[in-house]
Amino acid sequence: MAVQLLDYIHLNPVKGALDSLEAYRWSSFKAYQLGYDPFDICDAAPMLDIVGGSRCYCEHLKEVAGRIWSVEVLPRRRIPDEEALSVAREVLPSIDPTLLKALPRPERGACLLRLRQAHLTVKQIARITGIGATSVTKATAGWKEAA
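Residues numbered from 1 in each chain as written. Predicted model: local features only at pLDDT ≥ 70, side-chain atom pairs only at ≥ 80, totals over all residues. Heavy atoms only, no water.

(A) Structural detail: helix H5 (residues 81-91). When we look at burial in H5, the residues that qualify are Ala84, Leu85 and Ala88. Seen from one end, H5 has its buried residues packed into an arc of 100°, which puts them on one side. Opposite the buried face of H5, at more than 90 degrees from it, the exposed residues are Glu82 and Glu90. (Buried < 20%, exposed > 50% of the residue type's maximum accessible area, 1.4 Å probe, protein only. Helix = DSSP H or I, 4+ residues; strand = E, 2+ residues; numbered from the N terminus. Arc of directions from axis to C-beta.)

Set out below in structure tokens:
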């Protein structure tokens, strides 16, 4: 039960759409990844003893995240908008991503959902389509479950 709580705490920022566990600087994950806390705030040793060390814990967390989302979370490479636009064109071969704004709402929502399922971030989708981030977020709510 304590390990599940620790998993929840460390995966929560990723669930909030950060690119990786390491991207959230306020997390204690770094202490568990390194086996010690360089800031001397968190004592990771007792939990690391339970899970078999930092390497075992990182592998365990990666497996848990993979079961939940079927995506890589340790660490993920950011892609530039040009590459994101290329991904969008592959995912939506018959639609120019910059013209999504003009589509009827249901069709536009389906396209946005496909872009999120291709692991583009909300902000990237907003930038390459010109559709507001709030609209993208609303249209793609539950995208992980729909995958």
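From this point, the narrative continues.
(B) Molecular detail of the pattern of salt bridges. In this structure the tally under the stated criterion is one salt bridge. Ionic pairing is found between aspartate 81 and arginine 127, a salt bridge with its closest N-O pair at 2.6 Å. Taken together, the residues aspartate 81 in helix H5 and arginine 127 in helix H7 (residues 122-129) connect sequence positions 46 residues apart. (Salt bridge = Lys/Arg side-chain N within 4 Å of Asp/Glu carboxyl O.)

(C) Local environment of the side chain of aspartate 7. Relative to the helices and strands, aspartate 7 is located in helix H1 (residues 2-15). The class of aspartate 7 is buried, set by a relative accessible area of 6%. In this structure, aspartate 7 is in contact with Tyr57, His60, Leu61 and Val64, ignoring residues within four places of it in sequence. (Contact = heavy atoms within 4.5 Å.)

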